[in-house]
Amino acid sequence: MRLLADGQTLGWGETLLRVAVAGGLGAAIGLERELDEKAAGLRTHIVVSLGSALFTLIGAYGFSEFPRTSVDPSRIAAQIVTGIGFLGAGAILRDGGDIRGLTTAASVWTVAAIGMACGAGLYVVAVGGTVLAIFALEAMDRIEHRIRR
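Calculation rules
Residues numbered from 1 in each chain as written. Predicted model: local features only at pLDDT ≥ 70, side-chain atom pairs only at ≥ 80, totals over all residues. Heavy atoms only, no water. Helix = DSSP H or I, 4+ residues; strand = E, 2+ residues; numbered from the N terminus. Buried < 20%, exposed > 50% of the residue type's maximum accessible area, 1.4 Å probe, protein only. Contact = heavy atoms within 4.5 Å. Areas by Shrake-Rupley, 256 points an atom, 1.4 Å probe, with all protein chains shown as cover. Expected span 1.5 Å × (residues − 1). Polar contact = N/O pair within 3.5 Å; in protein donor to acceptor, adjacent residues only side chain to side chain. Core = buried A, V, L, I, M, F, W, Y, C linked by side-chain atoms within 4.5 Å. Salt bridge = Lys/Arg side-chain N within 4 Å of Asp/Glu carboxyl O. Axes fitted to C-alpha atoms, helices over the stretch in contact; angles between N-to-C directions. Parallel < 35°, antiparallel > 145°, perpendicular 65-115°, else oblique. Left-handed = near helix turned anticlockwise from the far one by under 90°. Nonpolar A, V, L, I, M, F, W, Y, C, P; charged D, E, K, R; others polar.

*Asks:* Break down the overall build of the chain for me, citing the residues and quoting the values.
*Replies:* The number of helices and strands found in the chain is 5 helices and 4 strands. Listing each helix as α and each strand as β along the chain from the N terminus yields β-β-α-α-α-β-β-α-α. When burial is assessed residue by residue, the chain has 30% of its 149 residues classed as buried. Contacts in the chain between residues far apart in sequence, at least 24 positions, make up 62% of those at least 6 positions apart. For the chain, the exposed surface amounts to about 9,400 Å²; the carbon and sulfur share of it is 64%.

*Asks:* Describe unusual backbone geometry, with residues and values.
*Replies:* Look at glutamate 37: it is not a glycine, yet its phi comes out positive at around 55°. Mapped onto the fold, glutamate 37 is located in the loop between α1 (12-35) and α2 (42-61). Owing to a relative accessible area of 72%, glutamate 37 belongs among the exposed residues under this scheme.

*Asks:* So what's going on with the side chain of threonine 56? Residues and values would help.
*Replies:* Mapping threonine 56 onto the fold places it in helix α2. You can call threonine 56 buried: its relative accessible area is 16%. When near neighbours in sequence (up to four residues on either side) are disregarded, threonine 56 contacts Ile80, Met116, Gly119 and Ala120.

*Asks:* Outline α2, listing residues and values.
*Replies:* An ideal rise of 1.5 Å per residue puts 28 Å on 20 residues; α2 measures up with 28 Å between its terminal C-alpha atoms. Along α2, the positions that sit buried rather than exposed are His45, Val48, Ser49, Ser52, Ala53, Thr56, Leu57, Gly59 and Tyr61.

*Asks:* Lay out the side chain of threonine 15 with the relevant residues and their values.
*Replies:* Locating threonine 15 in the fold gives a position in helix α1. Overall, the relative accessible area of 17% leaves threonine 15 in the buried class. In terms of polar contacts, threonine 15 uses its side chain to reach the backbone carbonyl oxygen of glycine 11, at 2.9 Å. Leave out the neighbours within four places in its chain, and threonine 15 touches Leu10 and Leu57.

*Asks:* Please provide a residue-by-residue account of the nonpolar core, values included.
*Replies:* Counting residues in each nonpolar core, the largest one holds 18 residues, and the members touching the most others are Ile29, Val48, Ile84 and Ala126. Listed by contribution, the elements that provide at least two residues to this core are α1, α2, α3 (73-89), α4 (102-119) and α5 (123-148). In terms of residue count, α4 provides more of this core than any other element does, 7 residues in total. Not counting chain neighbours up to four residues away, the residues in contact with alanine 126 comprise Leu25, Ile114, Ala117 and Cys118.

*Asks:* An account of the pattern of salt bridges is requested, with residue identities and associated values reported.
*Replies:* In this structure the tally under the stated criterion is 4 salt bridges. Between arginine 33 and glutamate 32 there is a salt bridge, with the nearest N and O atoms lying 3.4 Å from each other. A residue is classified by how much of its surface remains accessible, and glutamate 32, at 6% relative accessible area, is buried.

*Asks:* Summarise the packing of α2 against α4; cite the residues concerned and give the values.
*Replies:* Axis separation between α2 and α4 bottoms out at 7 Å; the angle between their running directions is 40°. Between α2 and α4, the angle is such that the two are oblique. The hand of the α2/α4 crossing is right-handed. Here Thr44, His45, Val48, Ser49, Ser52, Ala53, Thr56 and Leu57 of α2 come into contact with α4, specifically with Ser107, Val108, Val111, Ala112, Ile114, Gly115, Met116 and Gly119. Tallied by class, residues from the contact of α2 with α4 come to 8 nonpolar, 8 polar and no charged.

Take a look at the structure:
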């Protein structure tokens, strides 16, 4: 168990719940990408979301047992954002005059943010972000197809 700022503790059950919710929400977005047969699908989105939640938890609580360490969770959060940006950049390809993979890169980046929200215990934000992301990926795709016709 880890001590929180308000004197409460974060138990192992809550810790595992945060990681599990991150994996489930990442899976929801990953499933949409998988069904569209995109390069980054179910497994990638789950793992990115899980990893982001774990890094967030580690940054917030993992160093509390080291008395000389100053704990600043925002340092790890900033590194997650940067690292996922590089991961997403690998999904972007130029194909002649077209650019492919931007939406996949953006979905991976968004899933990292959702994982971070879960790791911080911000479930409502994480679920809301997931719903909005799926809407943007699925519903907007349908609207784009109708407009192009």
